[in-house]
Amino acid sequence: MADKKRGNAPQHMSSSDAAITRDSLYGTLPEPTYAGVTSFMRRKYTQDLDGVDVVVTGVPLDTATTNRPGARFGPRAIRAASTIMAWERPYGMAFDPFDKLAVVDYGDCYFDFGRPQGVPEQIRKHAFEIIDQGPALLSLGGDHFVAYPLIEAHVQKHGGPLSLLHFDAHSDTWADPDGRIDHGTMFYHAAKAGLVDPARSVQIGLRTTNPDTMGFNVLDAPWVHANGIDATIARAREFVGNNPVYVSFDIDCLDPSYAPGTGTPVCGGLTSHQAMAILRGLAGINVIGMDVVEVAPAYDIGEITALAASHLAMEMLYLYASRSSA
Ligand code: MN
Ligand code: MN
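Figured I'd write up the structure that's included with this text.

## Describing the overall build of the chain
Looking only at helices and strands, the chain features 9 helices and 9 strands. Against the compact-globule benchmark of 20 Å for 326 residues, the chain has a radius of gyration of 18 Å, which places it among compact chains. Residues classed as buried in the chain amount to 59% of the 326 residues present. Considering only contacts in the chain between residues 6 or more positions apart, those separated by 24 or more positions represent 74%. A total accessible area of about 12,800 Å² is found for the chain, and carbon and sulfur atoms account for 52% of it. Averaging the positions of the 25 positive and the 37 negative side-chain charges in the chain gives two centres separated by 5 Å.

Structural data, given as structure tokens:
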């Protein structure tokens, strides 16, 4: 779908700054990859949600990390890396998600880092105020703790419990009686609070020890490597069924060779190809919300991790555009 401002100019002559100059919310609109305002995928940078199908927002929190901090810079890095993908329509998809969905970049969630106990509520409120107006939300982390208030907002909007489609090296269900702000315990709390239904959820790519699965279905990294992409897709579909699904992708699900820029890397993980193929193969599931978290660009090399995250975020937009109710 051509943008009016592009007129008859050849693609390589398109103007810069589509994030602030584009008229239409639809379509892929090439501009120089190295220049211009770096919204996610050059979508319009706006907080006007009239006619919007999906909002992309950053949640730059990284104080809940166990090991290396730095995921607060994740949203900015993913936006920057996405500019090379925004050059042309995505490869191999049956349609360009931007022809079906009006997607905007809302900017980042604001919270007061000096009042950490108030941050979860500020994230929940930010998310709910957006999805309560109608659009779906694709959030860019931030460390994985942000998924908890994001899921709270989605349950507030859609009811629960939701199915969690969770990609990670870690279960993030370690027991915690005290309600810590911790990126390794939030799915323990999400299950305990009835926000997600472990029996209709699936955790893919795990490769760290936690004897108590809390009833979550687990397709760990060795299982995925032994059984392959198609079997992973088939099992994941069985687990989530037609229940509303929240997709949460911790970038450390990928092997450190595909995602070095993250706080708690673990060897033996998925390739970017496997992860993208699994997401694409799940087209038709009832996705209602999405996040990509734990990109910490200070440890990245050549934008490997941020590129993977922006590709996975695009797969999520395709998954959302392909949901059965779409
Ligand atoms: Mn992890
Ligand atoms: Mn995680």
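That was the structure; now back to the text.
## Considerations on the side chain of histidine 183
Looking at the element boundaries, histidine 183 is found in the loop between strand 5 (163-167) and helix 6 (186-192). One polar contact links histidine 183 to threonine 66, side chain to side chain, over a distance of 2.5 Å. For histidine 183, the side chain forms a polar contact with the side chain of glutamate 294, separated by 2.7 Å. Dropping the residues within four chain positions of it, histidine 183 is found in contact with Ala64, Thr65, Thr66, Asp143, His144, Phe145, Asp172, Thr264 and Glu294.

## With respect to the coordination of the manganese ion (ligand 1)
Note on the manganese ion (ligand 1): its protein donors are Asp168 (OD), His170 (ND1), Asp250 (OD), Asp252 (OD) and Asp252 (OD). The metal-donor distances range over 2.1 to 2.4 Å. Ordering the donors of the manganese ion (ligand 1) by residue number gives the pattern D-x1-H-x79-D-x1-D. For the pair the manganese ion (ligand 1) and the manganese ion (ligand 2), the metal-to-metal distance amounts to 3.3 Å, and aspartate 168 bridges them. Residue aspartate 168 is found in the loop between strand 5 and helix 6, and its partner aspartate 252 is found in the loop between strand 8 (245-250) and helix 8 (272-281); the two are separated by 84 residues along the sequence.

## Some thoughts on the nonpolar core
The tendency in soluble globular proteins is for nonpolar side chains to be buried side by side. The biggest cluster of nonpolar side chains holds 54 residues, and the ones touching the most others in it are Ile204, Val247 and Phe249. The leading source of residues in this core is helix 9 (residues 304-321), at 11 residues. Here valine 247 is in contact with Leu165, Phe167, Leu279, Val287, Gly289, Met290, Asp291, Met316 and Leu319, once residues within four sequence places are set aside. The next biggest cluster of nonpolar side chains, apart from the first, holds 41 residues, and it includes Ala102, Phe111, Ala147 and Tyr148.

## Some remarks on the packing of helix 2 (residues 74-85) against helix 9
Viewed as axis vectors pointing N to C, helix 2 and helix 9 meet at an angle of 70°, and their least axial separation amounts to 8 Å. Considering the angle they form, helix 2 stands roughly perpendicular to helix 9. Here Ala77, Ile78, Ala81, Ser82, Ile84 and Met85 of helix 2 lie close against helix 9, whose contacting residues are Ala306, Leu307, Ala309, Ser310, His311 and Met314. Its residues placed into classes, the contact of helix 2 with helix 9 shows 9 nonpolar, 3 polar and no charged.

## Let's talk about the coordination of the manganese ion (ligand 2)
Reference geometry at the metal: tetrahedral coordination by four donors gives ideal angles of 109.5 degrees; octahedral coordination by six donors gives 90 or 180 degrees. Each protein donor to the manganese ion (ligand 2) is listed here as His144 (ND1), Asp168 (OD), Asp172 (OD) and Asp250 (OD); together their distances run 2.1 to 2.2 Å. Classification of aspartate 168 as buried rests on a relative accessible area of 0%.

## Here's the deal with the packing of aromatic side chains
In this description, an aromatic ring pair is defined by two values, namely the gap between the centres and the angle between the planes. Taken as a whole and assessed by the stated rule, the structure comprises 2 aromatic pairs. Between phenylalanine 95 and tyrosine 318 the ring centres are 4.9 Å apart and the planes differ by 35°, which places this aromatic pair in the tilted class. Of this pair, phenylalanine 95 sits in the loop between helix 2 and helix 3 (97-100) while tyrosine 318 sits in helix 9, and the two are 223 residues apart along the sequence. Classification of phenylalanine 95 by relative accessible area gives buried; the value is 18%. A relative accessible area of 8% places tyrosine 318 in the buried class. Ring geometry for phenylalanine 167 versus phenylalanine 249: centroids 4.7 Å apart, planes at 15°, classification stacked. Of this pair, phenylalanine 167 sits in strand 5 while phenylalanine 249 is found in strand 8, placing the two residues 82 residues apart along the sequence. Across this residue pair, the class does not change: phenylalanine 167 and phenylalanine 249 are buried. Across from the ring centre of tyrosine 320, 3.8 Å away, lies the NZ or CZ of arginine 323, which sits over that ring.

Procedures and definitions
- Residues numbered from 1 in each chain as written.
- Chains lettered and ligands numbered in written order.
- Predicted model: local features only at pLDDT ≥ 70, side-chain atom pairs only at ≥ 80, totals over all residues.
- Heavy atoms only, no water.
- Helix = DSSP H or I, 4+ residues; strand = E, 2+ residues; numbered from the N terminus.
- Rg over C-alpha atoms; globule rule 2.2 N^0.38 Å.
- Buried < 20%, exposed > 50% of the residue type's maximum accessible area, 1.4 Å probe, protein only.
- Contact = heavy atoms within 4.5 Å.
- Areas by Shrake-Rupley, 256 points an atom, 1.4 Å probe, with all protein chains shown as cover.
- Lys, Arg positive; Asp, Glu negative; His and termini not counted.
- Charge placed at Lys NZ, Arg CZ, Asp CG, Glu CD.
- Polar contact = N/O pair within 3.5 Å; in protein donor to acceptor, adjacent residues only side chain to side chain.
- Donors = N, O, S within 2.8 Å, 3.2 Å for Na, K, Ca; no water.
- Core = buried A, V, L, I, M, F, W, Y, C linked by side-chain atoms within 4.5 Å.
- Axes fitted to C-alpha atoms, helices over the stretch in contact; angles between N-to-C directions.
- Parallel < 35°, antiparallel > 145°, perpendicular 65-115°, else oblique.
- Nonpolar A, V, L, I, M, F, W, Y, C, P; charged D, E, K, R; others polar.
- Phe/Tyr/Trp six-rings, centres within 6.5 Å; stacked < 30°, edge-to-face > 60°.
- Lys NZ or Arg CZ within 6 Å of the ring centre and 35° of its normal.

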